[in-house]
Amino acid sequence: MPENRQYEDDDGRVIADMSEVRRRNILIPTRIRHEERLQTPQEARKRNPWESDDVTPEQTRWAMFGALKAGLLIFLVYAVVFGLFILLLYVLIGNQMK
(Lines give C-alpha, C1' and ligand atoms only; values in the text may rest on other atoms or scores of the structure.)
Protein backbone atom coordinates (compact mmCIF):
# COMPACT_ATOMS: atom_id res chain seq x y z
CA MET A 1 0.00 0.00 0.00
CA PRO A 2 1.59 3.31 -0.97
CA GLU A 3 2.32 5.72 1.88
CA ASN A 4 2.37 8.90 -0.20
CA ARG A 5 -1.26 9.08 -1.20
CA GLN A 6 -2.55 12.41 -2.36
CA TYR A 7 -6.19 13.20 -1.78
CA GLU A 8 -7.83 15.92 -3.79
CA ASP A 9 -9.47 17.50 -0.74
CA ASP A 10 -6.31 17.40 1.45
CA ASP A 11 -5.06 20.89 2.27
CA GLY A 12 -2.16 19.75 4.48
CA ARG A 13 -3.53 20.91 7.84
CA VAL A 14 -3.16 18.71 10.92
CA ILE A 15 -6.53 18.00 12.54
CA ALA A 16 -5.27 15.96 15.50
CA ASP A 17 -1.66 15.39 16.48
CA MET A 18 -1.30 11.64 16.95
CA SER A 19 2.46 11.65 17.53
CA GLU A 20 2.15 10.79 21.26
CA VAL A 21 -0.34 7.96 20.79
CA ARG A 22 1.26 4.59 21.37
CA ARG A 23 0.02 1.13 20.52
CA ARG A 24 -1.55 -0.57 23.49
CA ASN A 25 -0.06 -3.78 24.76
CA ILE A 26 -2.78 -6.40 24.48
CA LEU A 27 -1.17 -8.89 26.85
CA ILE A 28 -0.39 -6.43 29.67
CA PRO A 29 -2.81 -3.49 29.53
CA THR A 30 -1.84 -0.36 31.44
CA ARG A 31 -3.34 3.07 31.96
CA ILE A 32 -1.27 6.20 31.74
CA ARG A 33 -3.09 9.30 32.79
CA HIS A 34 -2.47 12.53 30.94
CA GLU A 35 -1.15 14.30 34.06
CA GLU A 36 1.33 11.51 34.78
CA ARG A 37 2.56 11.55 31.21
CA LEU A 38 3.32 15.28 31.45
CA GLN A 39 5.38 14.88 34.63
CA THR A 40 9.03 14.05 34.68
CA PRO A 41 9.90 10.59 36.03
CA GLN A 42 11.30 12.11 39.25
CA GLU A 43 8.04 13.97 39.93
CA ALA A 44 6.01 10.87 39.19
CA ARG A 45 8.03 8.85 41.71
CA LYS A 46 7.55 11.45 44.43
CA ARG A 47 3.77 11.47 44.14
CA ASN A 48 2.14 8.37 45.58
CA PRO A 49 -1.65 8.36 45.07
CA TRP A 50 -2.23 6.00 48.01
CA GLU A 51 -0.58 8.29 50.53
CA SER A 52 -2.72 11.34 51.09
CA ASP A 53 -2.62 13.82 53.96
CA ASP A 54 -6.02 15.22 53.03
CA VAL A 55 -8.16 12.41 54.52
CA THR A 56 -7.93 11.22 58.12
CA PRO A 57 -8.58 7.59 59.11
CA GLU A 58 -11.79 8.68 60.85
CA GLN A 59 -13.05 10.32 57.66
CA THR A 60 -12.18 7.17 55.72
CA ARG A 61 -14.11 5.05 58.23
CA TRP A 62 -17.17 7.31 57.99
CA ALA A 63 -17.00 7.26 54.19
CA MET A 64 -16.97 3.45 54.26
CA PHE A 65 -19.93 3.39 56.64
CA GLY A 66 -21.80 5.83 54.41
CA ALA A 67 -21.19 3.64 51.34
CA LEU A 68 -22.33 0.57 53.27
CA LYS A 69 -25.46 2.38 54.45
CA ALA A 70 -26.29 3.48 50.89
CA GLY A 71 -25.84 -0.07 49.61
CA LEU A 72 -28.05 -1.51 52.35
CA LEU A 73 -30.77 1.06 51.67
CA ILE A 74 -30.78 0.19 47.98
CA PHE A 75 -30.93 -3.51 48.87
CA LEU A 76 -33.84 -2.80 51.23
CA VAL A 77 -35.80 -1.07 48.45
CA TYR A 78 -35.27 -4.03 46.11
CA ALA A 79 -36.23 -6.50 48.87
CA VAL A 80 -39.47 -4.63 49.65
CA VAL A 81 -40.44 -4.41 45.96
CA PHE A 82 -39.68 -8.11 45.46
CA GLY A 83 -41.68 -8.98 48.60
CA LEU A 84 -44.66 -6.96 47.36
CA PHE A 85 -44.43 -8.71 44.00
CA ILE A 86 -44.47 -12.14 45.68
CA LEU A 87 -47.41 -11.07 47.88
CA LEU A 88 -49.32 -9.86 44.81
CA LEU A 89 -48.70 -13.16 43.03
CA TYR A 90 -49.80 -15.10 46.13
CA VAL A 91 -53.03 -13.09 46.36
CA LEU A 92 -53.81 -13.39 42.64
CA ILE A 93 -53.10 -17.13 42.47
CA GLY A 94 -54.91 -17.73 45.77
CA ASN A 95 -58.07 -16.07 44.45
CA GLN A 96 -58.00 -18.15 41.26
CA MET A 97 -57.67 -21.42 43.16
CA LYS A 98 -60.89 -20.90 45.18
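Here the structure is a predicted model, which means the values were calculated and not measured.

Novice: So what's going on with the overall build of the protein? Which residues, and what values?
Specialist: Looking only at helices and strands, one finds three helices and zero strands in the protein. Ordered by position from the N terminus, the helices and strands of the protein form the series α-α-α. Across the 98 residues that make up the protein, the buried fraction comes to 0%. Approximately 10900 Å² of the protein is accessible, and the part contributed by carbon and sulfur atoms is 61%.

Novice: Pulling in residues and values, what's your account of the confidence of the model for the protein?
Specialist: Looking at the protein as a whole, the pLDDT averages 77, with 70% of positions reaching at least 70. Confidence, expressed as mean pLDDT per element, reaches its minimum in the protein at helix 1 (residues 34–38) with 53 and its maximum at helix 3 (residues 57–97) with 93.

Criteria and thresholds
Residues numbered from 1 in each chain as written. Predicted model: local features only at pLDDT ≥ 70, side-chain atom pairs only at ≥ 80, totals over all residues. Heavy atoms only, no water. Helix = DSSP H or I, 4+ residues; strand = E, 2+ residues; numbered from the N terminus. Buried < 20%, exposed > 50% of the residue type's maximum accessible area, 1.4 Å probe, protein only. Areas by Shrake-Rupley, 256 points an atom, 1.4 Å probe, with all protein chains shown as cover. pLDDT = per-residue confidence, 0-100.

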